Amino acid sequence: GQQLNQSPQSMFIQEGEDVSMNCTSSSIFNTWLWYKQDPGEGPVLLIALYKAGELTSNGRLTAQFGITRKDSFLNISASIPSDVGIYFCAGQAPPRDAGGTSYGKLTFGQGTILTVHP
Amino acid sequence: GAGVSQSPRYKVAKRGQDVALRCDPISGHVSLFWYQQALGQGPEFLTYFQNEAQLDKSGLPSDRFFAERPEGSVSTLKIQRTQQEDSAVYLCASSFQGEIRTDTQYFGPGTRLTVL
């Protein structure tokens, strides 16, 4: 099935460093989302973006919705050990699209595995 | 409970066996989604319910996969004659109403299925 192109696949950083990851798609999405998944758990929503060009922050996290609506990035500033996990971007289909209805189903990237060394 | 729950958390099946995976969505949530997450990959959409109606099953990989939500709350994903390629984590997500753009999907912890 379709997946978004997310990079990098993995990152190994020192505590206190900033992190940046991005996601691209061949399709346009109306909503971009960033999730974090811890081992043995389901994804948890971090940030949602609804408008092209939108820049949104949530604490140490900042994400942007690309102008072309085909890309997004996530920055984490001053990383801490609890930031460890897998980060996923996701594009959300509109409730109703030209093909009928898509009900807001999510298309995910392959994930970025983040390791933070204390 | 406060969140989406799934059971069992782990399931080991022999190839050819049938399995049933259960999802209890957040109370009052109209929309329910099933996703399949292979090892090292992001989740992939399987199917969508609005109340008891299965409105999209385009992501189900074969006719061995069947999902139902007969009373509009609990949902069951059934896989018949399991194959090794069915090994994955199966995630359930619910949202209050999937038709508004600000509607957040809340995920359960998943069921890890291993087919031997």
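These numbers were taken from a predicted model, which means no experiment stands behind them.

**With respect to the sheet that holds strand S7 (residues 61–65) of chain A**
Residues and elements named next belong to chain A. If you walk across this open sheet you meet the five strands as S1-S3-S8-S7-S6, and the pairing is antiparallel. Taken across any chain shown, the strands that pair with only one partner, and hence form the sheet edges, are strand S1 (5–7) and strand S6 (55–58). With direction set aside, neighbouring strand axes in the sheet form an average angle of 15 degrees. With four bridges connecting them, S6 and S7 associate as antiparallel partners. Looking across to S7, one finds that Thr56 is bridged to Ala63.

**Structural notes on the packing of aromatic side chains**
How two aromatic rings sit relative to each other is given by the distance of their centres and the angle of their planes. The tally for this structure, following the rule as stated, stands at 11 aromatic pairs over all chains. Summarising the aromatic geometry, the rings of Phe33(B) and Tyr35(B) are spaced 6.2 Å apart at their centres and angled 25 degrees between planes, so their arrangement reads as stacked. Tyr35(B) matches Phe33(B) in its accessibility class, with the two residues each being buried. Arranged with centres 6.5 Å apart and planes meeting at 40 degrees, the rings of Phe65(B) and Tyr90(B) form a pair that is tilted. On the criterion of sequence distance, the pair formed by Phe65(B) in strand S7 (residues 65–68) and Tyr90(B) in strand S9 (residues 88–95) is long-range, its members being 25 residues apart. By the burial criterion, Phe65(B) is buried, and Tyr90(B) matches it. Chaining the aromatic ring pairs together yields one cluster made of Tyr35(A), Phe88(A), Phe108(A), Phe33(B), Tyr35(B), Phe45(B), Tyr48(B) and Phe107(B).

**Some details on the interface of chain B and chain A**
Each side of the interface is counted separately: chain B has 26 residues, and chain A has 21 residues. For the pair chain B and chain A, the number of links is one salt bridge. With a shortest N-O distance of 3.2 Å, Lys105(A) and Asp56(B) are connected by a salt bridge. Joining chain B to chain A, the criterion identifies seven residue pairs in polar contact (both at pLDDT 80 or more).

Thresholds, definitions, all that
- Residues numbered from 1 in each chain as written.
- Chains lettered and ligands numbered in written order.
- Predicted model: local features only at pLDDT ≥ 70, side-chain atom pairs only at ≥ 80, totals over all residues.
- Heavy atoms only, no water.
- Pairing = 2+ DSSP bridges.
- Helix = DSSP H or I, 4+ residues; strand = E, 2+ residues; numbered from the N terminus.
- Axes fitted to C-alpha atoms, helices over the stretch in contact; angles between N-to-C directions.
- Phe/Tyr/Trp six-rings, centres within 6.5 Å; stacked < 30°, edge-to-face > 60°.
- Buried < 20%, exposed > 50% of the residue type's maximum accessible area, 1.4 Å probe, protein only.
- Contact = heavy atoms within 4.5 Å.
- Salt bridge = Lys/Arg side-chain N within 4 Å of Asp/Glu carboxyl O.
- Polar contact = N/O pair within 3.5 Å; in protein donor to acceptor, adjacent residues only side chain to side chain.

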